[in-house]
Amino acid sequence: FIFLLSLTALRVDEIRSILWSDVNFVDNMFEARDTKNKRNHKLPMTRATYGLFQRRYEQRKDGDTFVFSSVIDGTKPSSMSRTFQRLHKEFPHRFTPHDLRRTVATIASEMGHDLVRIGAVLNHKKRGVTARYIQTTKDSIKKTSEDIEYEVLRKFDRSQLMRICTNNVS
């Protein structure tokens, strides 16, 4: 969960609500529904997000409809209520899910991506007439997402990220 959050900058409820039917392994795309701005948000999978979805798929139980299904009832999303509590036990620095969202945007900006592409990854509505004229494509969003993934994985210790992801803190 945290790994996907740090690579995609999706909001907590957007990640929690991803259904297996929203994940397309053939086209390497996934979709977040019921987003804050009321528009479904389709994103290309990067190598790491593809791997995450694939591992979750292999670990799913019969009846799980959500990528992050509740342990008690697979037809409901996981609450994620204790995820950050467990994470804060592991790390002294306190942060919120929205801090990760801002971090992803900052990383993309530092790598030279423009506000339109960053906004497309974040699923922000375009502001101003000129911004609405600029079109983002699946390829441009994928390039931005791949750059973010590269930089996040470069900045953070891979073994620490993998430990977090495999100890149910993810």
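Before reading further, recall that the structure is shown in the block above.
Conventions and cut-offs
- Residues numbered from 1 in each chain as written.
- Predicted model: local features only at pLDDT ≥ 70, side-chain atom pairs only at ≥ 80, totals over all residues.
- Heavy atoms only, no water.
- Helix = DSSP H or I, 4+ residues; strand = E, 2+ residues; numbered from the N terminus.
- Buried < 20%, exposed > 50% of the residue type's maximum accessible area, 1.4 Å probe, protein only.
- Contact = heavy atoms within 4.5 Å.
- Areas by Shrake-Rupley, 256 points an atom, 1.4 Å probe, with all protein chains shown as cover.
- 1 Å grid on protein atoms, 1.4 Å probe; cavity = no way out; pocket = protein on both sides within 12 Å on 5 of 7 lines; lining within 4 Å.
- Points joined across faces, edges and corners; volume = space filled by probe spheres on them.
- Nonpolar A, V, L, I, M, F, W, Y, C, P; charged D, E, K, R; others polar.
- Expected span 1.5 Å × (residues − 1).
- Arc of directions from axis to C-beta.

Some points on the overall build of the protein chain
The secondary structure content of the protein chain amounts to nine helices and three strands. The secondary structure elements of the protein chain, listed N-terminal to C-terminal, are α-α-β-β-β-α-α-α-α-α-α-α. Going through the 170 residues of the protein chain one by one, you find that 46% of them count as buried. The contacts of the protein chain with a sequence gap of at least 6 include a subset with a gap of at least 24, amounting to 55%. As presented, the protein chain carries roughly 10,100 Å² of accessible surface, and 50% of it is formed by carbon and sulfur atoms.

What about empty space enclosed by the protein?
Scanning all chains against the criterion turns up one cavity of 30 Å³ or more. In this structure, the largest cavity occupies an estimated 80 Å³ of space. Leu7, Thr8, Phe30, Leu43, Pro44, Thr46, Thr49, Val121 and Ser145 together form the lining of the largest cavity. Put simply, the parts of the chain that give the lining of the largest cavity at least two residues each are α1 (2–8) and β3 (41–44). Its residues placed into classes, the lining of the largest cavity shows five nonpolar, four polar and no charged.

Some points on helix α5 (residues 97–110)
Relative to the 20 Å expected for 14 residues at 1.5 Å per residue, α5 spans 20 Å between its end C-alpha atoms, a close match to the ideal helical length. Inspection of α5 places Leu100, Arg101, Val104, Ala105, Ile107 and Ala108 among the buried residues, and these make up the whole buried set. Here the buried residues of α5 occupy an arc of 160° about the axis, which is enough to place them on one side. Positive backbone phi, approximately 95°, marks Gly112, located one or two places after α5.

In short, the description is geometric, and any link to function would need to be established separately.
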